[in-house]
Amino acid sequence: MTESPTLGGRLPGWPPFIRELDATLSVHSQYVLSGNLYDSFLAPSMGGDGPARLLPLRDLLWETLRSSGFSFLLIYDPVDGLQVHPPAGDEDGDAAAEAAERLLGKIKSDERPSLEGATKYLAGIARPGDDVRAAVIIESASRIARTPTEMEPAERDFFRFCAKLSRTARPVRVVGPRPKPLYNPILWMVERPGDLPPWLTADNENVREITIPRPHLGDRQETARLLARAFGVADADADKAAAAAVDAFAEQADGLTLQSMIEVTRLAKERSVTLHDLPDAVRTYKLGVLDNPWSRGHLRRRVLEGEKKVPERVIGQPQAVTKTLDILKRAVLGLSGAQATRSGSRPRGVLFFAGPTGTGKTELAKSITELVFGDESAYLRFDMSEFSGEGSGDRLIGAPPGYVGYQEGGELTNAVREDPFRVILFDEIEKAHPRILDKFLQILEDGRLTDGRGNTVHFSESILIFTSNLGMFVPGHPDLAVRGDVLAPAVPGRVQNIHADMDYEEIEVRVKTAIADHFTAVLNRPELLNRFGDNIVVFDFIGREAADKIFDLQFANICRRVAEEHRLVLTVKSEALQTLREWCTAELDKGGRGIGMALESAFVNPLARALFDRELVPDEEITVTGVRREGSIVHLDLR
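Note that the structure is predicted; figures quoted are calculated from it, not measured.

(A) Representation of the overall build of the protein chain within the structure. Secondary structure assignment for the protein chain yields 22 helices and 21 strands. For the protein chain, the C-alpha radius of gyration of 34 Å lies well beyond 26 Å, the compact-globule estimate for 639 residues. Taken over the C-alpha atoms alone, the protein chain extends approximately 110 × 60 × 55 Å along its principal axes. By residue count, 49% of the 639 residues in the protein chain fall in the buried class. Relative to all contacts within the protein chain whose residues are 6 or more apart in sequence, the contacts with residues 24 or more apart total 70%. For the protein chain, the exposed area adds up to about 30800 Å²; of that, 50% sits on carbon and sulfur atoms. Here the protein chain contributes 78 positive and 95 negative side-chain charges, whose respective centroids are spaced 2 Å apart.

Here you go:
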């Protein structure tokens, strides 16, 4: 493919933003460079026939400008003052110092001029009295003014001077590789383009804004091959295993800068990590932790044991438990998203639990947490009904700069930064504001999120679980009711979509269809639905057999609590127990939670009332001989 004429083609193989700057030096006197300023960048070898080099931005700019006949760079930093680049001692350092002195006069090594004092140096380069090509780099330009709209008089005068200078600068013609006139540019280094006064760049064709992007996969792959030399691999492509290792390194480094890849390599060498184990070093660098629960040998055994234990805890959901454990096994083996070209940075596992309320969705999330981390309380839960407002997303990721709570960070991002190995439960996801849902797109696709303070948080070792009651009801349509496709209206404007008499297969189809309709037609977020893929796990209604098991389990919990708290032996006669069972399992559509609430009302409350009125003696045996209702009040007969 031929080079675009707008990018010149004079510097083939150099980063596009460098070619853009080089090609426009004849028409722009100032540039605003923003974005990935502190990275290293790939540049061709000096002779053009060797391996590429990794250069910091300052050296990259110097190499580019030197090839156009520039004599030096003047670096102005509000903190460090003035510096001439290349510095003394470098190959071109003496010539640079001589050219700078001829153009600007003697510059002291520790000179830190005020903003007003700096203007004479900027003018001396932008409007040179001699035909010397030079450039000024203004480092940390974002920190010159407190804010772009609130400036001290000296700051405002400085930017006014620079705005006028952009229009009065004169191109310089020299004898050399590029004899045509080129401006001596002023290069502003800013974190964001908006950090400079808007009137400096608005409607000013003399100032060009260039964004420096983060490295793409191709850059990371080439960098990984260069860094493989640190492990004694001069040509990774000549060795299949080495080529696979560097490609895996590049994929795992998604979201990192090339400079970070250099630091990862240094970290790996310090820890005696081999080239093939670099992904582990990437994880350590990203997450800041050495211990990886996913690599523990006993985890596979715990999951296998969970195939027996989880169904005993999450009762009546064989399909949901089996599918969830399959996805968990995939996560343990690191195969989540394995079909994708780039999957290394995505969350370790993603689950979307849907179906009737009270059927065990939260209980299954706790079970997974205990399987993986040995403690069910290690899961992090967010009730998304609390995030229905447009601005409530600040609680998750932190307020942006300048807003209240900015320094505190977000509840989600802070928690994952502290411990990236988590199960994170987002309860009733459909109640969140659509703009908050957009945050999940980045998490599900890239496995990372940038908080309000600009820090990147990685979710690559987390399991994300979303729960939803979508599908229980759908918008009411009279013609559907006539055909009998749905039941009678249960909520104004909506009709019941599923009921306990349906087969599980039909419930699953209806729920998944309702979820798809909600994300595509209601939220207009089909891309988010695609990220969930086939990880939607539909729960069934609690059946009669399951309800009896849940009742027995919860009833046993009550008896055990009485024994632990008061050292009482509590028994219930079979007739009374059967009555309680019938009362508490009468409304199966309310699920296990409904059974628990009914037990609390029909048994725990009257039991507490009866025990409260008597003197309790340790090891006393108390028998419930009967249970009866008087209006809405339940009474127990004790012996």
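(B) Representation of unusual backbone geometry in the model. At the junction of His-85 and Pro-86, the peptide bond is cis and its omega measures out at 5° in the coordinates. Within the secondary structure layout, Pro-86 lies in the loop between strand E5 (81-85) and helix H3 (93-104). Positive phi, normally seen in glycine, also occurs at Asn-524, with a value near 55°. If you trace the backbone, Asn-524 turns up in the loop between helix H18 (504-522) and helix H19 (526-532). Within the chain, Asp-619 stands out as a residue other than glycine whose phi angle is a positive 70°. Mapping Asp-619 onto the fold places it in the loop between helix H22 (591-612) and strand E20 (621-630). Note on Asp-619: relative accessible area 52%, which makes it exposed.

(C) Structural detail: the side chain of Ser-166. Within the element layout of this structure, Ser-166 appears in helix H5 (residues 153-168). Once you skip the residues sitting within four places of it in the chain, Ser-166 turns out to touch Ser-29, Gln-30, Asn-204, Asn-206 and Val-207.

(D) The pairing of strand E21 (residues 633-638), seen in detail. Pairing between E20 and E21: 6 bridges, direction antiparallel. Paired with Gly-626 across the bridge in E21 is Asp-637. Where E20 hands over to E21, the hairpin turn is made up of 2 residues, of which Gly-631 adopts a positive phi near 70°.

(E) A look at the confidence of the model for the protein chain. On average, residues of the protein chain score 85 in pLDDT, and 91% of them are at 70 or above. Ignoring residues within four places in sequence, the model shows residues 1-8, a span with pLDDT below 50, making 9 contacts including any to other chains. Note that pLDDT drops below 50 for residues 478-490; the model gives that stretch 18 contacts with residues more than four away or on any other chain.

(F) Spotlight on the packing of aromatic side chains. Scanning the model with the defined rule gives 16 aromatic pairs in all. Centre to centre, the rings of Phe-158 and Phe-159 are 5.6 Å apart; their planes meet at 70°, and the pair counts as edge-to-face. Each member of the pair, Phe-158 together with Phe-159, is buried. Measuring from centroid to centroid gives 5.8 Å for Phe-519 and Phe-532, while their planes differ by 65°, and the two rings are edge-to-face. Remark: Phe-532 occurs in helix H19 and Phe-519 occurs in helix H18; sequence separation between them is 13 residues. Given the relative accessible area of 1%, Phe-519 is considered buried.

(G) Representation of the packing of helix H7 (residues 217-227) against helix H8 (residues 240-252) in the model. Packing of H7 against H8 brings their axes to within 8 Å, and their N-to-C directions diverge by 130°. Judged by the inter-axis angle, H7 sits oblique to H8. Judged by the twist between their axes, the crossing of H7 over H8 is right-handed. Across the interface between the two elements, Leu-217, Arg-220, Gln-221, Ala-224, Arg-225 and Leu-227 from H7 touch Ala-243, Val-246, Asp-247, Phe-249, Ala-250 and Glu-251 from H8. Here the residues of the contact of H7 with H8 are counted per class, giving 7 nonpolar, 1 polar and 4 charged.

(H) The arrangement of the nonpolar core in detail. Counting residues in hydrophobic clusters, the biggest one holds 43 residues, and the most contacted among them are Met-384, Leu-412, Phe-426, Phe-440 and Phe-466. Leaving out residues up to four positions away in the same chain, Phe-440 has contacts with Met-384, Phe-426, Ile-429, Phe-466 and Leu-528. Core analysis: the next-biggest nonpolar cluster, separate from the first, contains 39 residues, Phe-72, Leu-74, Ile-144 and Ile-186 among them.

(I) Examining the sheet that holds strand E18 (residues 536-538) more closely. The strand order E10-E11-E14-E9-E18 describes an open sheet built from 5 strands, whose pairing is parallel. Of all strands in the sheet, those bounded by a partner on one side alone are strand E10 (379-383) and E18. Averaged over all pairs of adjacent strands, the angle between their axes in this sheet comes to 20°, without regard to strand direction. Across 5 bridges, the pairing between E10 and strand E11 (residues 423-427) is parallel. Within the sheet, the bridge partner assigned to Phe-382 lies in E11 and is Phe-426. Docked against the sheet, H18 engages strand E9 (349-354) and E18, running at close to 135° with respect to E18.

(J) Structural context of the pattern of salt bridges. The final tally for this structure, using the stated rule, is 42 salt bridges. As a salt-bridge pair, Glu-370 and Arg-313 come within 2.8 Å of each other at their nearest N and O atoms. Placement of Glu-370 in helix H13 (residues 361-373) and of Arg-313 in helix H11 (residues 298-313) is noted, with a sequence separation of 57 residues between them. Where Asp-552 meets Arg-581, a salt bridge forms, and the shortest distance between an N and an O atom there is 2.9 Å.

Basis of the calculations
- Residues numbered from 1 in each chain as written.
- Predicted model: local features only at pLDDT ≥ 70, side-chain atom pairs only at ≥ 80, totals over all residues.
- Heavy atoms only, no water.
- Helix = DSSP H or I, 4+ residues; strand = E, 2+ residues; numbered from the N terminus.
- Rg over C-alpha atoms; globule rule 2.2 N^0.38 Å.
- Buried < 20%, exposed > 50% of the residue type's maximum accessible area, 1.4 Å probe, protein only.
- Contact = heavy atoms within 4.5 Å.
- Areas by Shrake-Rupley, 256 points an atom, 1.4 Å probe, with all protein chains shown as cover.
- Lys, Arg positive; Asp, Glu negative; His and termini not counted.
- Charge placed at Lys NZ, Arg CZ, Asp CG, Glu CD.
- Pairing = 2+ DSSP bridges.
- pLDDT = per-residue confidence, 0-100.
- Phe/Tyr/Trp six-rings, centres within 6.5 Å; stacked < 30°, edge-to-face > 60°.
- Axes fitted to C-alpha atoms, helices over the stretch in contact; angles between N-to-C directions.
- Parallel < 35°, antiparallel > 145°, perpendicular 65-115°, else oblique.
- Left-handed = near helix turned anticlockwise from the far one by under 90°.
- Nonpolar A, V, L, I, M, F, W, Y, C, P; charged D, E, K, R; others polar.
- Core = buried A, V, L, I, M, F, W, Y, C linked by side-chain atoms within 4.5 Å.
- Salt bridge = Lys/Arg side-chain N within 4 Å of Asp/Glu carboxyl O.

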